[in-house]
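Coordinate analysis (summary)
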Amino acid sequence: QMPLESYVGYTLFKNGFPAAYGGGWVFGRRAEFGINVFDTFRNGESGILLCQLLRLYHHVFGVNYFRIDPYQFGRDNAEGIESGAFWFYYRFGFRPMSASLRKLAAGEKRKITQRPGHRTGRRTLVRFTESPMALNLDRHIPPGLDGITRAVTRMIRHDYKGNREAAVRESLQRLLGAKSVSRLPTRQQPAMEEMALWAQAMKIKTPRKRSMLIQMARAKTADMRKYQRLLIDFLSDQ
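Residues numbered from 1 in each chain as written. Predicted model: local features only at pLDDT ≥ 70, side-chain atom pairs only at ≥ 80, totals over all residues. Heavy atoms only, no water.

**A few points about the environment of Glu-45**
Inspection of the secondary structure puts Glu-45 in the loop between strand E3 (30–37) and helix H1 (46–61). Expressed as a C-alpha distance, the spacing of Glu-45 and Ala-19, which sit 26 residues apart in the sequence, is 9.5 Å. (Helix = DSSP H or I, 4+ residues; strand = E, 2+ residues; numbered from the N terminus.)

Now the structure itself:
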């Protein structure tokens, strides 16, 4: 497991037989999502398998925003281009994150609707792989890791001259106090370090929010669903 994200892998079975596998890198209400459907269950059944998996991540983990890497629909993946995998995801609500590619896809979709038998050219399908695709089940895009990691990197570079060890040491002491740092269980160390850097870089000063960060670090290695609930509450309160 990663210090802040939670990797939730799966194998999906139908009537006792494995039908698909993959996983989601969950952070709050966002997830980087991947699915691989075995050949026997492709075509007609792929769509319902995808929808049931998205439903599961939404209801069990609270994910509203799913992002898929371009490899899933063709980047460095000849099979994805040949099968037109882009349109599989498009059919179920995923859209390019690039505004120009969303416009291109909308135009291409009109051609498919208006011209029976029209097939999207290979060059266009390759162009679509220049951007990830995303499915948003809410009106707002939930916060992700990027803003946190950029702030932490900027802080380490500017305030600690690039010395990450010094930044971690001071951030932990400020979040926990020197005595608590010395008693920190090894298994909690990675998550607590990231929470401390997060608090320092984002200037999180209120006792309640700092307490939530500590609770999140303790839950990260013990109870992923508790960690996820705390994280969603924390991010919703920003």
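**A closer look at the sheet that holds strand E5 (residues 95–96)**
Spatially, the 6 strands line up as an open sheet ordered E1-E2-E3-E4-E6-E5, and their pairing is mixed. Each edge of the sheet is formed by a strand with only one pairing partner; in this case those strands are strand E1 (6–14) and E5. Judged from the 2 bridges that link them, E5 and strand E6 (residues 133–136) form a sheet pairing that is antiparallel. Looking across to E6, one finds that Arg-95 is bridged to Ala-134. (Pairing = 2+ DSSP bridges.)

**Digging into the packing of aromatic side chains**
Summed over the entire model, instances satisfying the criterion amount to 18 aromatic pairs. Between Phe-27 and Trp-198, the aromatic rings sit 6.3 Å apart at their centres with planes inclined by 40 degrees, giving tilted as the arrangement. Separated by 171 residues along the polypeptide, Phe-27 in strand E2 (residues 17–27) and Trp-198 in helix H9 (residues 189–201) bring together distant segments of the chain. Accessibility expressed as a relative area gives 3% for Phe-27, which makes it buried. Ring centres of Phe-86 and Tyr-90 lie 5.7 Å apart, and the angle between their planes is 35 degrees; this geometry places the pair in the tilted category. With Phe-86 and Tyr-90 both in helix H3 (residues 85–91), this residue pair falls 4 residues apart, about one helical turn. A relative accessible area of 0% means that Phe-86 is categorised as buried. The buried category is assigned to Tyr-90, whose relative accessible area is 10%. Taken together through their ring pairs, the aromatic side chains of Tyr-10, Phe-33, Tyr-57, Phe-61 and Phe-66 make up a single cluster. When the ring centre of Tyr-227 is taken as origin, the NZ or CZ atom of Lys-220, which lies over that ring, is 5.3 Å away. (Phe/Tyr/Trp six-rings, centres within 6.5 Å; stacked < 30°, edge-to-face > 60°. Buried < 20%, exposed > 50% of the residue type's maximum accessible area, 1.4 Å probe, protein only. Lys NZ or Arg CZ within 6 Å of the ring centre and 35° of its normal.)

**Brief notes about helix H11 (residues 224–236)**
When the terminal C-alpha atoms of H11 are compared, their 18 Å separation across 13 residues agrees well with the 18 Å that a helix rising 1.5 Å per residue should span. The elements touched by buried residues of H11 are E1, E2, H1, H9 and helix H10 (207–220). Where H11 begins, the side chain of Asp-223 points an oxygen toward the backbone nitrogen of Arg-225, at a separation of 3.2 Å. (Expected span 1.5 Å × (residues − 1). Contact = heavy atoms within 4.5 Å. Polar contact = N/O pair within 3.5 Å; in protein donor to acceptor, adjacent residues only side chain to side chain.)

**As for the pattern of salt bridges**
Applying the stated criterion to the full structure yields 8 salt bridges. Where Arg-67 meets Glu-32, a salt bridge forms, and the shortest distance between an N and an O atom there is 2.5 Å. Of the two residues, Arg-67 sits in strand E4 (residues 65–68) while Glu-32 sits in strand E3, which places them 35 residues apart along the sequence. Of the residues examined, Glu-32 reaches a relative accessible area of 27% and is grouped as partly exposed. The salt bridge partner of Glu-108 is Lys-111, with a shortest N-O separation of 3.9 Å. With Glu-108 and Lys-111 both in helix H4 (residues 99–114) and 3 residues apart, the pair spans about one turn of that helix. For Glu-108, a relative accessible area of 6% gives the class buried. Residues participating in the shared-partner salt-bridge network are Asp-39, Arg-42 and Glu-79. (Salt bridge = Lys/Arg side-chain N within 4 Å of Asp/Glu carboxyl O.)

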